[in-house]
Amino acid sequence: MAVILGIESSCDETSASICINGKVINNEIASQAIHEQYGGVVPELASREHQRNIVPVVDHVLKHANINANELDGIAYTRGPGLLGALLIGNSFAKSMAASLSIPLIPIHHMKAHVLAHFIDDPKPTYPFLCLTVSGGHTQILRVNSPTDMIILGQTLDDAVGEAFDKAAKLLGLPYPGGPMIDKLAQEGDATKFDFSKADVPDLNYSFSGIKTSILYFLRKEVQKNQNFISENINDLAASIQDTLISMLLEKLIQAAKQEKVNQIAIAGGVSANSRLRKVLNEYAIEHDWEVFIPDFQYCTDNAGMIAISGHLLYEKKAFGLLSDSPLPRMPF
Ligand code: KG4
Ligand code: ZN
């Protein structure tokens, strides 16, 4: 029995959430539109926005859940990985609040929290399960044995798949973050129209840097012939790029499921919001006899609901941190 406040501030979303006895009551997210004009997240601007948003966001979730701060049993916060300046805001806020209330601090690994987001809503996976964790900074296939025991079976050797979506979108002249834009445009496109070569990487690892170069050269060549090539083919380009990235992701996932003899398959992280990935995964569920777990949209991209539920699971294990813990921009897995 515990009331946990979760705080997320690793990148460009300031978010807070209340979890009561394992039930996530709310999930307030203040997004930062300011970065759009720069084509990516500007770390210093992110810190300033977090500073501005953190008090109102935390205040809002407490009021909404009808919880007084002194009824909290613990504060879970993202210790890393992420942008140092952004993490510092959430870390300092969580520490001062926990110190003033004399309650435990629960430091959370952001990528593990993406995985544990599966324990917010039903149906929940049972251990062990595999999780394809796909975000702007990570691409991993994990074997999840417990909330604290996750093994990396494979991961990207260079760019993350979210980064590949964003960079491809930039080449198409789309605003940041490009992933959701590609998803939207692809819905009206023909994915078989253009072919982009996939990297051949051993084991369960990935490589997404080559595809960006192959898109760049392809577009350069076509635009030389027809200046309007991109605008005339934007939907087909988006669909073809998206399908290439998704098939790369899923080929290795199938291999991992066979290797580990596990048929409970989850996806997590920002790219798991992709509608095509969700659809294909559901088709694979039938074809490969998988039980597939896909989080609700609000728990795919960065959110404090996943931090609060992780806090709940780790509170039970008394995995508490110290006031002297510093943020870890490259927090080891
Ligand atoms: O997990 P997340 O919100 O932040 C990180 O921890 O990185 O993931 C952000 C990434 C971005 O690269 C964004 O373009 C991608 O997730 N993304 C998507 C979609 N929604 C977000 N990529 C493809 N399709 C989407 N619908
Ligand atoms: Zn994330």
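Our subject is the structure that appears above.
Quick caveat: nothing in here was measured; it's all calculated off a predicted structure. (Residues numbered from 1 in each chain as written. Chains lettered and ligands numbered in written order. Predicted model: local features only at pLDDT ≥ 70, side-chain atom pairs only at ≥ 80, totals over all residues. Heavy atoms only, no water.)

When you look at helix α2 (residues 84-101) in this model, what are you seeing that I'm missing?
For an α-helix, 3.6 residues make a turn, and residues three or four places apart therefore share a direction. Over its 18 residues, α2 extends 25 Å from the first C-alpha to the last, a length consistent with the 26 Å expected when each residue adds 1.5 Å. All of the buried residues along α2 are Ala 86, Leu 87, Ile 89, Gly 90, Asn 91, Phe 93, Ala 94, Lys 95, Met 97 and Ala 98. The inward-facing, buried residues of α2 abut β1 (3-8), α1 (43-64), β5 (74-80) and β6 (105-109). Of the residues flanking the end of α2, it is Ser 102, one or two places downstream, whose phi is positive at about 55°. (Helix = DSSP H or I, 4+ residues; strand = E, 2+ residues; numbered from the N terminus. Expected span 1.5 Å × (residues − 1). Buried < 20%, exposed > 50% of the residue type's maximum accessible area, 1.4 Å probe, protein only. Contact = heavy atoms within 4.5 Å.)

Even after reading the chapter, I still don't get the sheet that holds strand β10 (residues 264-268), so can you show me in this structure?
In any sheet, the strands associate via hydrogen bonds between backbone groups, in a parallel or an antiparallel arrangement. Within the open sheet, the five strands sit side by side as β9-β8-β7-β10-β11. Their pairing is mixed. Bordering the open sheet on either side are β9 (149-155) and β11 (291-293), each of which pairs with just one other strand. Averaged over neighbouring strand pairs, the angle between their axes works out to 25° when direction is ignored. As paired strands, strand β7 (residues 129-134) and β10 are joined by four bridges and run parallel to one another. Within β10, the position partnered with Leu 132 by the bridge is Ile 267. (Pairing = 2+ DSSP bridges. Axes fitted to C-alpha atoms, helices over the stretch in contact; angles between N-to-C directions.)

How should I be thinking about the site of ligand 1 in this particular structure?
Taken together, 19 residues lie near ligand 1, and Gly 136, Asp 166, Asp 183, Gly 270 and Asn 274 sit nearest. In the environment of ligand 1, an oxygen atom lies 3.1 Å from a nitrogen or oxygen atom belonging to the side chain of His 114. Considering ligand 1 on its own, with 560 Å² of exposed area, one finds that the protein chains cover 88% of that surface. Taken atom by atom, the bulk of ligand 1 overlaps the largest pocket. Residue composition of the shell around ligand 1, grouped by class: five nonpolar, 11 polar and three charged. (Near = heavy atom within 4 Å. Polar contact = N/O pair within 3.5 Å; in protein donor to acceptor, adjacent residues only side chain to side chain. Areas by Shrake-Rupley, 256 points an atom, 1.4 Å probe, with all protein chains shown as cover. 1 Å grid on protein atoms, 1.4 Å probe; cavity = no way out; pocket = protein on both sides within 12 Å on 5 of 7 lines; lining within 4 Å. Sits in = over half its atoms within 2 Å of the grid points. Nonpolar A, V, L, I, M, F, W, Y, C, P; charged D, E, K, R; others polar.)

Help me out: how do you make sense of the nonpolar core in this one?
If you look at soluble globular proteins, the nonpolar side chains tend to sit buried side by side. In this structure, Leu 237 and Trp 290 are the most contacted members of the largest nonpolar core, which totals 50 residues. Mapped onto this core, the elements with two or more residues apiece are β7, α4 (161-171), α5 (178-186), α6 (209-225), α7 (229-232), α8 (234-260), β10 and α9 (275-288). Per-element accounting of this core gives the leading share, 14 residues, to α8. With residues up to four places along the chain from it excluded, the contact list for Leu 237 reads Leu 172, Phe 194, Phe 196, Phe 218, Leu 219, Phe 229 and Ile 230. If you look at the next biggest cluster of nonpolar residues, it comprises 28 residues, including Ala 2, Ala 76, Leu 116 and Ile 309. (Core = buried A, V, L, I, M, F, W, Y, C linked by side-chain atoms within 4.5 Å.)

How do you make sense of the layout of surface pockets when you look at a structure like this?
Empty space among the atoms becomes apparent when a probe as large as a water molecule is rolled across them. Approximately 1500 Å³ is the volume found for the largest pocket. Listed by contribution, the elements that provide at least two residues to the lining of the largest pocket are β4 (28-31), α3 (110-116), α4 and α5. For the lining of the largest pocket, the leading source of residues is α4, giving seven residues. Residue composition of the lining of the largest pocket, grouped by class: 20 nonpolar, 20 polar and 10 charged. Each of domain 1 (3-116 + 300-316) and domain 2 (123-294) accounts for three or more of the residues forming the lining of the largest pocket. Considering only enclosed or pocket space, the second largest pocket measures out at about 200 Å³ in volume. (Points joined across faces, edges and corners; volume = space filled by probe spheres on them. Domains from an automatic or database assignment.)

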